[in-house]
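The residues making up each chain are set out below.
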Amino acid sequence: MSSPIIQLFNCIKDGDFLTALLMIVMFALLIFVSLPFHELAHAFVANKLGDSTPKWQKRLTFNPLAHLDPIGMGMMLICGFGYAKPVPVNPANFKRPKKDMALVARAGPVSNLLLAFLGLLLFRVAGWALGMSVSGGELYVSYEHVELINMLKLILVDVFASINIGLAVFNLLPVFPLDGSHIIAPLLPDKVNWWIERNQQLVMLALLVLILSPMLDLPLYYLRGLVGWLLCLPLGLPNLFF
């Protein structure tokens, strides 16, 4: 996995300033929009379900500074993946600890899917205003608006929607400490959950190995494409992610 910071420097060195600018925009959207909204969703649902821990820890906010983790952000720049500061949650405050914890975990990926859908919706509305039509699974745009539509697609679909779909799909993987592990926890036998809890470091190491290897690249690529297609369907858009 190539380091984003090295890619950025190479783009600048080679004079590819457009790609460098897009990389900066992607990183800014991830840090200041997608990750804070993801963590805010966790905090909001936990608070609604009876756990005020996120509120007292001042995590019930969209302020990126409340959610950013310096090490996680550094890893994003150097390794291409990272993390935000996890929202503190006390399951003991829930009426149904396992099920409510699963709802809190689910809120993060759902929030990113909502952001992705918003990006696609804005693209669809802007395209409609500019005379864009869809026929036979293809987009049709008048010559005078081609450049503007392409720029909107690049920002709203290829960057913003793709970032959020990628975050949602990755976090839904059923591996600790990702949200997917908490979502499936109520479905697993107690012995399995206890084993995962006792061996958290081992499971996290296994996840790190998976991320650094190419093993997840193809499955995640197709999952992102499938999710993107499902989000495009209600808007009458073709699959813009394959």
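See the structure above.
Residues numbered from 1 in each chain as written. Predicted model: local features only at pLDDT ≥ 70, side-chain atom pairs only at ≥ 80, totals over all residues. Heavy atoms only, no water.

### Considering the pattern of salt bridges
Next, step 1: One pass over the structure, following the stated rule, counts two salt bridges.
Next, step 2: The salt bridge involving Asp100 is made with Arg96; its shortest N-O contact spans 2.9 Å.
Next, step 3: The partner of Asp158 in a salt bridge is Lys153, and the shortest N-O contact between them spans 3.1 Å.
Next, step 4: Since its relative accessible area comes to 32%, Asp158 is described here as partly exposed. (Salt bridge = Lys/Arg side-chain N within 4 Å of Asp/Glu carboxyl O. Buried < 20%, exposed > 50% of the residue type's maximum accessible area, 1.4 Å probe, protein only.)

### Observations regarding the nonpolar core
Next, step 1: Leu120, Phe123, Leu237, Leu240 and Phe241 are the most contacted members of the largest nonpolar core, which has 21 residues in total.
Next, step 2: Residue assignment for this core shows that the elements contributing at least two residues are helix H6 (97-129), helix H7 (146-171) and helix H11 (217-232).
Next, step 3: In terms of residues, this core owes the most to one element, H7, which gives six residues.
Next, step 4: Leave out the neighbours within four places in its chain, and Leu237 touches Leu120, Phe123, Arg124, Met132, Val134, Leu139 and Cys232.
Next, step 5: Counting residues in hydrophobic clusters, the runner-up holds 13 residues, among them Met76, Leu115, Phe160 and Leu167. (Core = buried A, V, L, I, M, F, W, Y, C linked by side-chain atoms within 4.5 Å. Helix = DSSP H or I, 4+ residues; strand = E, 2+ residues; numbered from the N terminus. Contact = heavy atoms within 4.5 Å.)

### Remarks on unusual backbone geometry
Next, step 1: At Lys58, a residue that is not glycine, the phi angle is positive and equals roughly 60°.
Next, step 2: Checked against the element boundaries, Lys58 lands in the loop between helix H3 (53-56) and helix H4 (64-67).
Next, step 3: Judged by its relative accessible area of 65%, Lys58 is exposed.

### A word on H11
Next, step 1: With 16 residues, H11 ought to run about 22 Å at 1.5 Å a step, and its terminal C-alpha atoms sit 22 Å apart, in line with that.
Next, step 2: Taken together, the buried positions of H11 are occupied by Leu220, Gly225, Gly228, Leu231 and Cys232. Seen along its axis, H11 keeps its buried residues to an arc of 135°; they face one direction.
Next, step 3: Of the surrounding elements, those touching the buried residues of H11 are H6 and H7. (Expected span 1.5 Å × (residues − 1). Arc of directions from axis to C-beta.)

### A look at a nonpolar patch on the surface
Next, step 1: Among the surface-exposed residues, Leu223, Leu226, Trp229, Leu230 and Leu233 lie close enough to one another that they form a single nonpolar patch of about 440 Å² accessible area.
Next, step 2: Its location among the elements puts Leu233 in the segment after H11.
Next, step 3: For Leu233, a relative accessible area of 44% translates into the label partly exposed. (Patch = residues over 30% accessible without salt bridge, like charges linked within 9 Å, V, L, I, M, F, W, Y side chains within 5 Å. Areas by Shrake-Rupley, 256 points an atom, 1.4 Å probe, with all protein chains shown as cover.)

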